[in-house]
Amino acid sequence: MAGGLSLYQEGASLLHRAHPLTKGVFTLSVIALAFIVPSLYWILAIALILLILVIVAGVLRRLIAVALALLLPIAVLLLAVQGFANPANHTVLFAIGPVVYYTEGLYIAAIAALRITCLVVATFLFSFTTRPADITEALMQRGLSPAMGYVVQSALQIIPQTLDMAGRIQDAQRSRGLETEGSLPKRARAYLPLMLPLVLSSLVATQERAMALEVRGFGLPVKRVRRYEFADSAVQRVTRWALALAVPAAIVARLLGWK
Amino acid sequence: MPDISLEKVLFSYPGGVEVYPEPGLTLALESGVTALVGENGAGKTTLTKLLIGLLRPRSGDINVAGLDVSKTTVAAMAKTVGYTFQNPDDQLFERTVKAEVTFGPRVLKRPPADVERGVAAAIKACGLAGKEDVHPHDLGLSERKWVAIASALASEPSVVVLDEPTLGQDYPSRQRLRELVMRLGSEGKIVLVVTHDMDFVGEACPTTVVLSHGAVRYAGPTSNAFGDRALLKEAGIEPPHVTELAQAIGLRQCVNEAEFLATWRR
Ligand SMILES: Nc1ncnc2c1ncn2[C@@H]1O[C@H](COP(=O)(O)OP(=O)(O)OP(=O)(O)O)[C@@H](O)[C@H]1O
Ligand SMILES: [Mg+2]
């Protein structure tokens, strides 16, 4: 099922088939690199790689929906605030009457917006192509304790679970007359009645999950059986190491004056 | 013009199969009480959600009480349609029964006097008097169902859609539900009741729609539906016990106890 408890979308692409650890390392390093590399061009290169992978994974349409809802408002806000009001501003790009827009602000905003875009896109790309259970399973096969595995699993479920619950509460509220569609002010006003029930039912859900785990004998001192093996390869192992090493390398390069 | 009409409606869940086979679902309902019956997964809940716009068809037209659903937001539909979810936990989100029931008329900005009247009437009709300050989650399934029904009725809608209100109801509760549904019908409202309880259909619903594998197999008087053995079998329906009893002892077709007794005495 698409909604349910994860954002995972069934598929057979290269990304779907990759080892969960490879995807995990890739996601974390790409996000780190997007924030470490110094110039707009480097960030654009990372964004381009992500875009290609999004297309390969066949999740472009879903990602565009996320981008419009999440990234567009952030980008617009950044571009406006920085372009008009960054203290470093001095080169005029254009002026509307007395209001002046500056090149420096535009550049700074573009970098910040692209970094956030990389963060969001990488995270969603990972979530769309990886089953949450597989991440935990892969980590536990590498020696992560079941208790930590559960913590990871829960953390991975927080976003999709909350989205699912928010959708349900909003359906209940609009079916009784609360306007949640249409103009931005209307949707903003529907936000408040959503938040309290959402927080409360999230708490209840967490409690119920803890009880369900205890009932199933979670935490008993028994030896776990592997459910399945993930396909791994030399290429993937090398990729993982390369990506993992690229991050400290980039940090060192920056410290040595990479601009 | 019928009060509810669906015309060649096609719908599928994301990644799922078609719920209604080609050329789509076509159905017309008049005011009064109509039962919507059919096997699990027949597409009953989907149909009710299409009526209020919680689900949007891929193609086809849906009209409810003069409103073109495709051009109306769910919230605007709620002015006319009182909707209860099959699972009350999908519907209830407030912290007290009173707050829950009041939510609808309040956000619809009904005048205070109307809110008070609607809420009081709904709470009374649903047997919730004295439970106004209870948290809905502390109630049992049957009572949560009643809170859900009361919440839908409080804004005094002219169309009432109840998805499996009979589930888990004990005898007095069923009686109350029967009275409520029949009263709404006699007030000239459009009432659509999804249910698996054929005794209830025979007692409270003069009209029946039989849905099976997404197709309308029958729409018309309830008595004719219960007379058609092949139809019932296909839709996984067991007719009311009185209907079977009357058939077994060679009496005329009847759908509820009152009819049975009348036929019997004659
Ligand atoms: N959220 C969903 N995602 C995917 N498929 C769904 C979803 N909800 C229902 N379906 C499928 O759509 C079909 C119609 O479901 P629907 O809920 O309308 O049936 P129903 O007649 O209400 O059944 P029941 O008597 O069990 O409530 C079924 O095959 C069901 O599996
Ligand atoms: Mg249903």
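Quick caveat, the model's predicted, so the values are computed rather than measured.

Undergrad: Would you explain the environment of A244(A) in this entry?
TA: Residue and element names in this part refer to chain A. Topologically, A244 is positioned in helix α10 (residues 234-255). C-alpha separation for the pair A244 and S29, spaced 215 residues apart in sequence, amounts to 6.3 Å. Contact partners of A244, with chain neighbours within four places excluded, come to V25 and S29.

Undergrad: Honestly, helix α4 (residues 60-85) of chain A in this entry has me stumped. Any pointers?
TA: Note that an α-helix has 3.6 residues per turn; residues three or four places apart therefore point the same way. At L71(A), α4(A) shows its largest kink, close to 40°, and the proline P73(A) lies no more than four residues downstream. Among all positions of α4(A), only L63(A), V66(A), L71(A), L78(A), Q82(A) and G83(A) are buried.

Undergrad: Quick question: what am I supposed to make of the nonpolar core here?
TA: One recurring pattern in soluble globular proteins: nonpolar side chains tend to sit buried together. In this structure, V101(B), L128(B), I149(B), L153(B) and V181(B) are the most contacted members of the largest nonpolar core, which totals 43 residues. Sorting elements by how many residues they give to this core places helix α5 (residues 141-153) of chain B first, with six residues. Apart from residues no more than four positions distant in its own chain, V181(B) is found in contact with V33(B), L162(B), V191(B), V193(B), F200(B) and A204(B). Residues V37(A), L71(A), F124(A) and L125(A) belong to the second largest nonpolar core, which totals 33 residues.

Undergrad: What's the story with the site of ligand 1 in this structure? I'm lost.
TA: Residues and elements named next belong to chain B. Taken together, the neighbourhood of ligand 1 is formed by 13 residues, with G41, K44, T45, T46 and Q86 sitting nearest. Backbone polar atom of A42 to an oxygen atom of ligand 1: 3.2 Å apart, as the coordinates give it. The protein chains hide 64% of the 630 Å² of surface that ligand 1 would expose on its own. Of the residues assigned to the shell around ligand 1, the class counts are three nonpolar, seven polar and three charged.

Conventions we followed
- Residues numbered from 1 in each chain as written.
- Chains lettered and ligands numbered in written order.
- Predicted model: local features only at pLDDT ≥ 70, side-chain atom pairs only at ≥ 80, totals over all residues.
- Heavy atoms only, no water.
- Helix = DSSP H or I, 4+ residues; strand = E, 2+ residues; numbered from the N terminus.
- Contact = heavy atoms within 4.5 Å.
- Bend = angle between axes of the 7 residues up to and from the residue.
- Buried < 20%, exposed > 50% of the residue type's maximum accessible area, 1.4 Å probe, protein only.
- Core = buried A, V, L, I, M, F, W, Y, C linked by side-chain atoms within 4.5 Å.
- Near = heavy atom within 4 Å.
- Polar contact = N/O pair within 3.5 Å; in protein donor to acceptor, adjacent residues only side chain to side chain.
- Areas by Shrake-Rupley, 256 points an atom, 1.4 Å probe, with all protein chains shown as cover.
- Nonpolar A, V, L, I, M, F, W, Y, C, P; charged D, E, K, R; others polar.

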